[in-house]
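Residue-level structure breakdown
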Amino acid sequence: MSTVPPDIETARLLLRRFRADDVDAVFAMRSRPDVTRYLYGDVLSRQQVVDLLAERAGMAQVRRDGDAMALAVERREDGRVIGDLTLWLRSFEHRQGEIGFVFHPDVHRQGYAREAVAALLSVAFDRVNLHRVVGRTDARNEASAGLMRSLGMRQEAHLRHNEIFKGEWGDELLFGLLEDEWRSAPRKQT
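The structure presented is a predicted model; accordingly, all values stated were derived computationally and were not measured.

Here we look at the packing of helix 1 (residues 23–30) against helix 3 (residues 46–57)
Here helix 1 crosses helix 3 at 115°, and the two axes come no closer than 9 Å. At the point where helix 1 passes helix 3, the crossing takes the right-handed sense. Every residue of helix 3 that contacts helix 1 at Val23, Asp24, Val26, Phe27 and Arg30 is listed here: Arg46, Val49, Val50, Leu52 and Leu53. Residues of the contact of helix 1 with helix 3, tallied by class, amount to seven nonpolar, no polar and three charged.

What follows is the structure, given as structure tokens:
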């Protein structure tokens, strides 16, 4: 399969490995209740973000089931880290992966998430050679569901009361995209 590729440039973004000096930008995201609302876990302290960055910096390959690569999303115009991407290898044998993403609310509705996640899907299909990629979101997270739909991912399931999430039963939406769908879809250049 693959290791984290060299820096990936899109029209406005740089996707790269996390560094220790990303702590302020990641803390600015992960310390906000509106950001962590649909994430496992709660807001993070600065020290928890330092620990998270150390962990994410080591997430650099997808070779065995459960491996993951993590990428910081840096805005090229000012060098600010505005998001966080993850690609997990769920099954080597079946070439199955999963994506995850988090973005600072200050950059919502500006196309950055779509640009970054499209680049991550390109890595998944073109470099990691996956056959199928899924994404999951809380059913109330309309922005994440809309993003996945905009990238051609199909909603394959609405799992009602799928898990106890932050103290209450939560519904989960499951989206999927196949390699041939990705390759045949018309896309804007990123």
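What follows picks up the thread again.
Comments concerning the environment of threonine 36
Position of threonine 36 relative to the elements: it lies in helix 2 (residues 33–36). Judged by relative accessible area, which is 5%, threonine 36 ranks as buried. Between the C-alpha atom of threonine 36 and that of valine 102, which follows or precedes it by 66 residues, the distance is 8.9 Å. Not counting chain neighbours up to four residues away, the residues in contact with threonine 36 comprise Arg30, Gly41, Asp42, Val43 and Lys166.

Describing unusual backbone geometry
The phi angle at arginine 95 is positive, at roughly 55°, despite the residue not being glycine. Along the chain, arginine 95 falls in the loop between strand 6 (81–91) and strand 7 (96–103). Of note, asparagine 129 is a non-glycine position whose phi angle comes to about 65°, a positive value. Position of asparagine 129 among the secondary structure elements: in the loop between helix 4 (112–127) and strand 8 (132–138).

A closer look at the sheet that holds strand 7
Ordered by their spatial adjacency, eight strands build an open sheet running 2-3-5-6-7-8-10-9, and the pairing between neighbours is mixed. Edge positions in the sheet fall to strand 2 (8–9) and strand 9 (154–165), since each has one partner strand and no second. Sheet topology places strand 6 next to strand 7; eight bridges connect them, and they run antiparallel. Considered in strand 7, the bridge of threonine 86 is made with glycine 100. Where helix 1 meets the sheet, its contacts fall on strand 6 and strand 7, and the angle it forms with strand 6 comes to roughly 80°.

Focus: helix 1
Where helix 1 is concerned, the buried positions are Val23, Ala25, Val26, Met29 and Arg30. One side of helix 1 holds all its buried residues, which, seen down the axis, span an arc of 165°. Contacts from the buried residues of helix 1 go to helix 2, helix 3, strand 6 and strand 7.

Thoughts on the environment of glycine 79
Residue position: glycine 79 is located in the loop between strand 5 (68–75) and strand 6. With a relative accessible area of 36%, glycine 79 lands in the partly exposed category. Expressed as a C-alpha distance, the spacing of glycine 79 and leucine 13, which sit 66 residues apart in the sequence, is 9.0 Å.

Quick look at helix 5 (residues 142–150)
The complete set of buried residues in helix 5 reads Ser144, Ala145, Leu147 and Met148. For helix 5, the arc enclosing every buried residue in end-on projection is 160°, short of the 170-degree limit, so these residues lie on one face. Turned more than 90 degrees from where helix 5 packs its buried face, Glu142 and Ala143 sit exposed. The inward-facing, buried residues of helix 5 contact strand 7, helix 4, strand 8 and strand 10 (168–178). Taken from the residues just after helix 5, glycine 152 is the one with a positive phi, measuring 90°.

Rules of the game
Residues numbered from 1 in each chain as written. Predicted model: local features only at pLDDT ≥ 70, side-chain atom pairs only at ≥ 80, totals over all residues. Heavy atoms only, no water. Axes fitted to C-alpha atoms, helices over the stretch in contact; angles between N-to-C directions. Helix = DSSP H or I, 4+ residues; strand = E, 2+ residues; numbered from the N terminus. Left-handed = near helix turned anticlockwise from the far one by under 90°. Contact = heavy atoms within 4.5 Å. Nonpolar A, V, L, I, M, F, W, Y, C, P; charged D, E, K, R; others polar. Buried < 20%, exposed > 50% of the residue type's maximum accessible area, 1.4 Å probe, protein only. Pairing = 2+ DSSP bridges. Arc of directions from axis to C-beta.

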